[in-house]
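Structure at a glance
Letter by letter, the chains look like this.
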Amino acid sequence: RVSAAVDGILGMAYKALTCTPTCIEPVFDALVREGKVEDTFTLCMAYEGGVLTLGEWDPAVFTSDIQWGALSFSAEPMYYTFELGGGMEVDGKFVSLPSFRVAIMDSGTTLMTLTRETFTALSAEVKKVCNGSPICDEDWFRPSICMKATLEEISTLPTLAFYVGGQSGARLELRPSDYLIEKTYQDMKTYCVGFMIADSMSGIDSVVGNTAQIRYATIYDRRTSRLGIAESTTDCKPASGSNVPNSAPPAAPEQELPEPTPVAPIPSFEPAPTQDPGANPFAAAPPTTQCSDTSRCESCAARADCAWSYTAHHCRDLAELNAVAANVPFPYCHGRTCACKEEKYVARGAMIVAAVAAGILLIVGMALGASVYRRRQARIRAEEVMRALEEEEEGSVREPMVGEMD
């Protein structure tokens with residue numbers, strides 16, 4: 001538990017997730033490339049702290065055998081994605097659930113996330129099993145809702161289980177004390193449902209968050225694309241007497257690992273070959289091609305001397321832009337200011353903003369024009385009244401003079 005401001009976030013996902021648009025090598029990837037650790041890490045989480053182990057895992061924190069489930073990627077890996085098997089076990093009975101095929105394991109998500117359709121179906125199954133329990137009613141099992149209860153009362157609820165890597169993979173079981181999170185509110189002990197709903201997750205059906213990770217340590221074996229699941233000690237410290245399970249399989253056959261392939265440096269951050277010792281170590285290397293020869297936003301953004309046009313979709317020399325165009329985020333961008341993956345949305349959004357701004361200016365202009373017109377008409381009427389009064393006053397002065405002459 002952290003009660004003060006943190007110094008940063010250490011991302012442990014795959015490298016493809018760091019391209020926004022310039023791809024920066026993650027810290028863990030760099031350690032693996034340099035041969036300092038093997039391409040695997042273990043995360044053990046507790047209610048008070050936890051342990052991140054880089055390289056081979058420490059089986060002393062495990063209190064059960066390791067189960068393994070395969071990771072599955074349809075393209076270049078970004079998250080730790082795996083198949084769920086299409087359903088859950090509710091008190092030992094397998095129940096098919098809609099939209100429950102693919103999930104990601106994510107330590108940065110507090111609760112277990114499901115689609116609305118999945119949670120509705122799961123809730124109905126849980127309520128069938130818990131009939132007769134003193135804490136069950138029609139509304140109790142809802143996302144993140146908390147209820148007053150005792151540990152004895154929640155122990156009457158069903159056990160849930162799902163699979164990591166399909167039904168032939170690792171079985172991850174959640175007791176009521178796992179998926180109901182204890183929370184004390186105004187000296188009253190409550191238990192909160194450890195599930196939340198997300199209506200859209202971009203092709204992902206579920207995010208397995210901390211609800212399912214407090215009881216289990218997770219091994220991220222990236223060498224063989226698999227996840228290892230094992231129950232852990234409550235504080236993630238080695239068990240007394242070092243009760244190491246004997247049947248935990250090794251991550252890979254004992255063999256000499258091949259020399260890691262170096263990752264190609266990013267042009268915009270690679271020092272120039274003939275760089276002066278006192279120069280900026282992050283200066284870009286001399287370009288070998290013209291900016292106009294680059295036809296992709298990502299390639300243009302990787303060049304420190306180029307700027308990308310969202311509207312014309314071409315790359316040009318940054319030096320050709322005036323000071324204003326070079327420092328505003330639209331229609332030109334350069335370096336990390338470019339949102340290449342969202343390029344079409346940026347251009348469309350700018351057009352919408354411009355159209356709205358033009359509409360506002362038109363309305364304001366019409367209002368100002370109407371105000372000026374009204375003021376001008378009022379001034380003309382006032383001048384006409386003044387002239388009428390002056391003529392009336394002159395007439396009243398002249399009339400007596402005419403009478404005297406008569």
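Model, not experiment: these values are computed from the prediction. (Residues numbered from 1 in each chain as written. Predicted model: local features only at pLDDT ≥ 70, side-chain atom pairs only at ≥ 80, totals over all residues. Heavy atoms only, no water.)

Attention now moves to the overall build of the chain. Secondary structure assignment for the chain yields 7 helices and 20 strands. Burial analysis of the chain (406 residues in total) assigns 35% to the buried set. Sequence separation of 24 or more characterises 60% of the internal contacts of the chain that already satisfy a separation of 6 or more. Of the roughly 24,200 Å² of accessible surface on the chain, 56% is carried by carbon and sulfur atoms. (Helix = DSSP H or I, 4+ residues; strand = E, 2+ residues; numbered from the N terminus. Buried < 20%, exposed > 50% of the residue type's maximum accessible area, 1.4 Å probe, protein only. Contact = heavy atoms within 4.5 Å. Areas by Shrake-Rupley, 256 points an atom, 1.4 Å probe, with all protein chains shown as cover.)

On to the pairing of strand β2 (residues 50-54), then. Summarising the sheet, strand β1 (residues 40-45) and β2 pair through 5 bridges and their orientation is antiparallel. Bridging across to β2, Cys-44 finds its partner in Val-51. With antiparallel pairing between neighbouring strands as the criterion, β1 and β2 make up a hairpin whose turn holds 4 residues, including Gly-49 at a positive phi of roughly 90 degrees. (Pairing = 2+ DSSP bridges.)

A few words now on unusual backbone geometry. Here Asp-91, not a glycine, exhibits a phi torsion of approximately 55 degrees, which is positive. Looking at Asp-91, the relative accessible area reads 45%, which means it is partly exposed. The phi torsion at Cys-236 lies on the positive side, around 65 degrees, for a residue other than glycine. Structurally, Cys-236 can be placed in the loop between β17 (226-231) and α5 (297-301).

Time to look at the state of the cysteines. This structure, assessed with the given rule, holds 2 disulfides. Across the disulfide from Cys-44 sits Cys-236; the S-S distance is 2.1 Å. With the S-S bond torsion at -90 degrees, the cross-link from Cys-44 to Cys-236 turns out left-handed. Highlighted residues: Cys-44 in strand β1 and Cys-236 in the loop between β17 and α5, separated in sequence by 192 residues. (Disulfide = S-S within 2.5 Å.)

Within this structure, the stated rule accounts for 16 salt bridges. Taking the shortest distance from any N to any O, the salt bridge between Asp-29 and Arg-222 comes out at 3.3 Å. Here Asp-29 is found in helix α1 (residues 27-33), whereas its partner Arg-222 is found in the loop between β16 (216-221) and β17, with 193 residues between them in sequence. Of the residues examined, Asp-29 reaches a relative accessible area of 17% and is grouped as buried. By relative accessible area, which is 8% here, Arg-222 ends up buried. (Salt bridge = Lys/Arg side-chain N within 4 Å of Asp/Glu carboxyl O.)

On to the confidence of the model for the chain, then. Summarising the model, the chain shows a mean pLDDT of 77, and 74% of its residues fall at 70 or more. Of the regions scoring below 50 in pLDDT, residues 242-288 engages in 62 contacts with residues more than four places distant in sequence or in other chains. For the stretch residues 397-406, pLDDT sits under 50, and the model shows 0 contacts to residues farther than four places along the chain or on other chains. (pLDDT = per-residue confidence, 0-100.)

For the rest of this paragraph, the subject is the nonpolar core. Membership of the largest hydrophobic core comes to 48 residues, with the highest contact counts inside it found for Leu-122, Phe-162, Leu-180 and Phe-195. Those residues within four positions of Leu-180 in sequence are excluded, and the remaining contacts are Trp-140, Met-147, Ile-154, Leu-157, Tyr-191, Cys-192 and Val-193. (Core = buried A, V, L, I, M, F, W, Y, C linked by side-chain atoms within 4.5 Å.)

Turning to a nonpolar patch on the surface, a few remarks are in order. A contiguous nonpolar patch, built from Leu-10, Val-27, Leu-52 and Leu-54 and spanning about 330 Å² of accessible area, is present on the exposed surface. Along the chain, the position of Leu-52 falls in strand β2. (Patch = residues over 30% accessible without salt bridge, like charges linked within 9 Å, V, L, I, M, F, W, Y side chains within 5 Å.)

This paragraph deals with the side chain of Asp-221. Tracing the chain through its elements places Asp-221 in strand β16. Reaching out from Asp-221, the side chain makes a polar contact with the side chain of Arg-223 at a distance of 3.2 Å. A distance of 3.0 Å separates a polar atom in the side chain of Asp-221 from a polar atom in the side chain of Thr-224. (Polar contact = N/O pair within 3.5 Å; in protein donor to acceptor, adjacent residues only side chain to side chain.)

Turning our eyes to something else, we now look at the packing of aromatic side chains. Under the defined criterion, the tally for this structure stands at 12 aromatic pairs. Between the aromatic rings of Phe-41 and Tyr-80, the centroid separation amounts to 6.0 Å while the plane-to-plane angle is 75 degrees, which identifies the pairing as edge-to-face. Here Tyr-80 lies in the loop between β3 (67-70) and β4 (81-83) and Phe-41 lies in strand β1, a separation of 39 residues in the sequence. For Phe-41, a relative accessible area of 2% puts it in the buried group. Residue classification places Tyr-80 among the buried residues on the basis of a relative accessible area of 5%. Plain terms: the ring middles of Phe-141 and Tyr-179 are 6.4 Å apart, the flat faces sit at 85 degrees to each other, and that makes the pair edge-to-face. Note that Phe-141 is positioned in the loop between α2 (116-129) and β9 (146-148) and Tyr-179 in helix α4 (residues 176-179), a separation of 38 residues in sequence. (Phe/Tyr/Trp six-rings, centres within 6.5 Å; stacked < 30°, edge-to-face > 60°.)

With that settled, consider the sheet that holds β2. Read from one edge of the open sheet, 5 strands run β2-β1-β16-β17-β3, paired in antiparallel fashion. Here the strands that pair on one side only, and so sit at the sheet edges, are β2 and β3. Sheet twist, expressed as the average angle between the axes of neighbouring strands with direction ignored, equals 15 degrees. (Axes fitted to C-alpha atoms, helices over the stretch in contact; angles between N-to-C directions.)

Note on Cys-44: relative accessible area 4%, which makes it buried. Cys-44 sits 173 residues away from Ala-217 along the chain, and the two C-alpha atoms are 4.4 Å apart.

With that out of the way, let us pick up the sheet that holds strand β13 (residues 188-193). Read across the open sheet, the 3 strands follow the order β9-β13-β12; overall the sheet is antiparallel. Single-partner strands in this sheet number two, and they are β9 and β12 (180-185). The sheet shows a mean angle of 35 degrees between the axes of neighbouring strands, direction not considered. As judged from the 6 bridges shared by β12 and β13, these two strands associate in the antiparallel manner. Directly across from Tyr-185, in β13, lies its bridge partner Met-188.

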